[in-house]
Amino acid sequence: MLITFEGIDGCGKSTQATLLADRLHQENIETLLLREPGGTELSEHIRALLLHKEFTRPLCPEAELLLFAASRAQLIHEVIKPALERGAIVILDRFTDSTIAYQGFGRGIALDIITQINRLASNEIEPDLTFLFDISLKVASARRESSGKDRIESESEVFYTHVIQGYMYQAQHHNERMNVLDGTAPIETLQHQIWRLFQEERGRDIKNAHHLDQ
Ligand code: TYD
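Residues numbered from 1 in each chain as written. Predicted model: local features only at pLDDT ≥ 70, side-chain atom pairs only at ≥ 80, totals over all residues. Heavy atoms only, no water.

Quick look at the environment of Arg143
Our working rule: For the purposes of this entry, the term helix denotes a DSSP run of H or I that reaches at least four residues, the term strand denotes a run of E that reaches at least two, and both are numbered from the N terminus. Under the scheme applied here, a residue whose accessible area is under 20% of the maximum for its type counts as buried, over 50% as exposed, and between as partly exposed, the area being computed with a 1.4 Å probe on protein chains only. What qualifies as a polar contact is a pair of N or O atoms within 3.5 Å, subject to a donor-acceptor requirement within protein and to the restriction that residues adjacent in sequence count only when both atoms come from side chains.
Along the chain, Arg143 falls in helix 6 (residues 137–145). Residue classification places Arg143 among the partly exposed positions, given a relative accessible area of 35%. Residues Arg143 and Gly10, spaced 133 residues apart in sequence, show a C-alpha to C-alpha distance of 5.6 Å. A distance of 3.3 Å separates the side chain of Arg143 from the backbone oxygen of Cys11, its partner in a polar contact.

Right, dumping it as structure tokens:
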């Protein structure tokens, strides 16, 4: 099962992704917690380029898109696909919805192109369950201020307004897998909601597998 955590920088998704992974480890369920960009040797090099490299000339949107895609393709090939094939649960802090929101709505690259590139990079693997953390720009930027900003986090308010619109667009179009959660709710409340939704999805998964066996 592939579970993804999404939302703007500072929304709290990484905390919840870690809490879910910890709980699954406690239950002795094989679980991988990964983040994008990153997770393989190549992908970590690309992450450093994308987030930390100071370029004298700005990275153009197309190059940025293809670097995120290259990082993803390697992670899928090397780690995620084999893990899913052996029945592990993969928790991913950001995935294809981030590309739609940031490179599509944020940078303005056409959505049909992003969709094609996402399909190629992800080997057509789609999340079974996605948690989208809804939070206002004001709260998110106050949280970000206190922890230092990387290249993308230094983008303007207009950029982030578009990113949020992108996420809401995805939530509307993929409501079968996307759950919008209140990013300002207490950590424990969110943790319980996520656990409940995970169990529901797991129940469906087991039922389907049983159905196929018969
Ligand atoms: P990261 O430090 O992991 O941010 P966070 O902890 O908020 O997830 O940095 C990832 C950054 O990369 C984040 O600003 C979103 C951006 N991003 C994209 O623009 N497109 C993508 O496809 C992905 C996966 C991430």
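Section: the pattern of salt bridges
What counts is decided by this rule: The working definition used for a salt bridge is a side-chain nitrogen of Lys or Arg within 4 Å of a carboxyl oxygen of Asp or Glu.
By the definition in use, this model includes 13 salt bridges. A salt bridge links Glu64 to Arg107; its shortest N-O distance comes to 2.9 Å. Here Glu64 is found in helix 3 (residues 61–85), whereas its partner Arg107 is found in the loop between helix 4 (96–106) and helix 5 (111–121), with 43 residues between them in sequence. Taking the relative accessible area as the measure of exposure, Glu64 reaches 1% and is therefore buried. A salt bridge links Arg177 to Asp97; its shortest N-O distance comes to 2.9 Å.

Looking at the sheet that holds strand 2 (residues 31–35)
We apply this condition: By this definition, two strands are paired if DSSP reports at least two bridges between them. Axes here mean lines fitted to C-alpha atoms, for a helix over just the part in contact, with angles spanning 0 to 180 degrees between N-to-C directions. Here, residues are in contact when the closest pair of their heavy atoms is within 4.5 Å.
A sheet is described by the order of its strands in space; here 5 strands give the open sequence 2-3-1-4-5, paired in parallel fashion. Edge strands, defined here as strands with exactly one partner in the open sheet, are strand 2 and strand 5 (178–182). Averaged over all adjacent pairs, the angle separating strand axes in this sheet is 20°, with direction ignored. Summarising the sheet, strand 2 and strand 3 (residues 89–93) pair through 5 bridges and their orientation is parallel. Note on strand 3: the bridge partner recorded for Thr31 is Ile89. Its contacts with the sheet put helix 1 (residues 13–26) on strand 1 (2–6), strand 2, strand 3 and strand 4 (129–134), and the angle it makes with strand 3 is roughly 165°.

A short note on the site of the ligand
Rule in force here: Proximity is defined per residue: if any heavy atom of the residue lies within 4 Å of a molecule or strand, that residue is considered near it. Method for areas: the Shrake-Rupley scheme with a 1.4 Å probe, in which residue coverage is limited to the protein chains shown.
Lining the immediate environment of the ligand, one finds 16 residues, of which Asp9, Lys13, Arg94, Thr99 and Gln103 sit closest. Here an oxygen atom of the ligand sits 3.1 Å away from a polar atom, N or O, in the side chain of Arg47. The contact in question runs from a nitrogen atom of the ligand to an N or O atom on the side chain of Gln103, over 2.7 Å. Coverage of the ligand by the protein amounts to 91% of the 550 Å² it exposes when considered alone. Secondary structure elements with two or more residues in the shell around the ligand: helix 1, helix 2 (41–52), helix 3 and helix 4.

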